[in-house]
Amino acid sequence: MPIFQYRFGHGLQKLKYLVDRKLTGEAFVFNVDVAWWRSREYYSNNPWRGKRVTELGGALLSQAIHAVDMVLYILGPVKSVFGRASTRVNRIEVEDCVAMSIEMADGSLGTMSVTLGSAAEISRHRFTFRNVSAESITEPYANSREPWTFSLSGESEQATITGALNQFKPLPEGYAGQFYRFHQALRDGTELPVTLMDARATLEVIAGTYYSSQTGTPVLLPIGPGHPKYETF
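Residues numbered from 1 in each chain as written. Predicted model: local features only at pLDDT ≥ 70, side-chain atom pairs only at ≥ 80, totals over all residues. Heavy atoms only, no water.

(A) Inspection of the side chain of Ser80 at higher detail. With respect to the secondary-structure elements, Ser80 resides in strand S2 (residues 78–86). Not counting residues within four places of it along the chain, the set of residues in contact with Ser80 comprises Ser101, Ile102, Glu103, Val219 and Leu220. (Helix = DSSP H or I, 4+ residues; strand = E, 2+ residues; numbered from the N terminus. Contact = heavy atoms within 4.5 Å.)

Written out as structure tokens, the structure is:
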């Protein structure tokens, strides 16, 4: 079972609760910022860091992978990605700055920016649907937790969505939350809370972004056999 513990923060879970009940309306756009800080010493004190042979990728793969998974968890599969990755903060082999433009299979559009050179560390997700906009807190390593801000478009939506959120029953968060659901799945014989296909979908977005950056072209997903990034980043 892959580990994507960020899925289970109560703020993101509330949005998932609304999406699963088809209360949000169609998705329009989303915006994601992962702005963290990694010093020169972070790499020099741990020689395996920042190396392609040991890490395979940089900020997108090692730091922002959970932010990508959170998007897919809410909106489903990605149709295409266009991205630029560069190394600007530290002298390392892998990327530490990324900008991505993403088209989802449902037609919604999004952007994601990633850097490891931000003195003010934040993580932020903002999703805009027809009936509601949802924005996370900016805690850099825990932005799926509460409190999220839910802005509602009309009186009828306010009553419906507020009523639904009042029915939300929180379960454990983070690692504890994933393993709580893991136990439930094993006990009940149901699907695991995170599957291999979930991890594959997230890794395909990352691989597609790397290929897009290298070629200057958008990449359609999923990536199939024969694609240069099918077996390695």
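(B) Up close: the pairing of strand S3 (residues 97–104). With 8 bridges joining them, S2 and S3 adopt antiparallel strand pairing. What sits directly across from Ser80, in S3, is Glu103. Alignment of S3 against strand S4 (residues 109–115), held across 7 bridges, turns out to be antiparallel. Its bridge partner lying in S4, Met100 is registered against Met112. A loop of 4 residues connects S3 with S4, the two strands running antiparallel in sequence, and Gly107 in this loop sits at a positive phi of about 95°. (Pairing = 2+ DSSP bridges.)

(C) View of the pattern of salt bridges. Counted by the stated rule, this structure contains 11 salt bridges. Taking the shortest distance from any N to any O, the salt bridge between Arg7 and Asp69 comes out at 2.9 Å. Of the two residues, Arg7 sits in the segment before helix H1 (10–20) while Asp69 sits in helix H5 (residues 65–75), which places them 62 residues apart along the sequence. In this structure Arg7 comes out as buried when scored by relative accessible area, which is 5%. With its nearest N and O atoms 3.7 Å apart, the salt bridge here joins Arg200 to Glu204. Residue Arg200 and its partner Glu204 are both found in helix H8 (residues 196–215); the two are separated by 4 residues, about one turn of the helix. Through salt bridges with shared partners, one network takes in Arg7, Asp69 and Asp198. (Salt bridge = Lys/Arg side-chain N within 4 Å of Asp/Glu carboxyl O. Buried < 20%, exposed > 50% of the residue type's maximum accessible area, 1.4 Å probe, protein only.)

(D) Representation of the environment of Ser153 in the model. Structurally, Ser153 is set in the loop between strand S7 (149–152) and helix H6 (155–166). Counting along the chain gives 29 residues from Ser153 to Arg124, while the straight-line C-alpha distance between them is 21 Å. Excluding residues within four positions of it along the chain, Ser153 makes contact with Arg130 and Asn131.

(E) Molecular detail of a nonpolar patch on the surface. A cluster of nonpolar residues, Met1, Ile3, Tyr175 and Phe179, forms a patch on the protein surface that exposes about 380 Å² of accessible area. If you trace the backbone, Tyr175 turns up in helix H7 (residues 174–188). Its relative accessible area of 52% is what places Tyr175 among the exposed residues. (Patch = residues over 30% accessible without salt bridge, like charges linked within 9 Å, V, L, I, M, F, W, Y side chains within 5 Å. Areas by Shrake-Rupley, 256 points an atom, 1.4 Å probe, with all protein chains shown as cover.)

(F) Just the sheet that holds strand S5 (residues 117–129), in detail. Spatially, 8 strands are ordered S7-S6-S5-S1-S4-S3-S2-S8 in an open sheet, and the strand pairing comes out mixed. On the outer flanks of this sheet lie S7 and strand S8 (219–220), each paired with one strand and no other. Where S5 lies against strand S6 (residues 132–135), 3 bridges are found, and the strand directions are antiparallel. Following the sheet pairing, Arg126 is matched in S6 by Glu135. Together, S5, S6 and S7 form the strand contacts of H1, whose direction differs from that of S7 by roughly 30°. (Axes fitted to C-alpha atoms, helices over the stretch in contact; angles between N-to-C directions.)

(G) Summary view of the environment of Glu95. The topology assignment puts Glu95 in the loop between S2 and S3. Overall, Glu95 belongs to the buried group, its relative accessible area being 6%. Separated by 11 residues in sequence, Glu95 and Arg84 have C-alpha atoms that sit 9.7 Å apart. Aside from chain neighbours lying at most four places away, what touches Glu95 is Gly57, Gly58, Ala59, Leu60, Leu61, Ala85, Ser86, Thr87 and Tyr210. Polar side-chain contacts of Glu95 include one of 3.0 Å to the backbone nitrogen of Gly58. (Polar contact = N/O pair within 3.5 Å; in protein donor to acceptor, adjacent residues only side chain to side chain.)

(H) Inspection of H1 at higher detail. With 10 of 11 residues buried, H1 lies mostly within the body of the structure. Here H1 has its buried residues at His10, Gly11, Leu12, Gln13, Lys14, Leu15, Lys16, Tyr17, Leu18 and Val19. Buried residues along H1 sit in contact with H5, S5, S6, S7, H6 and H7. One or two positions beyond H1, positive phi appears at Lys22, with a value near 55°.

Keep in mind these values describe shape, not function.
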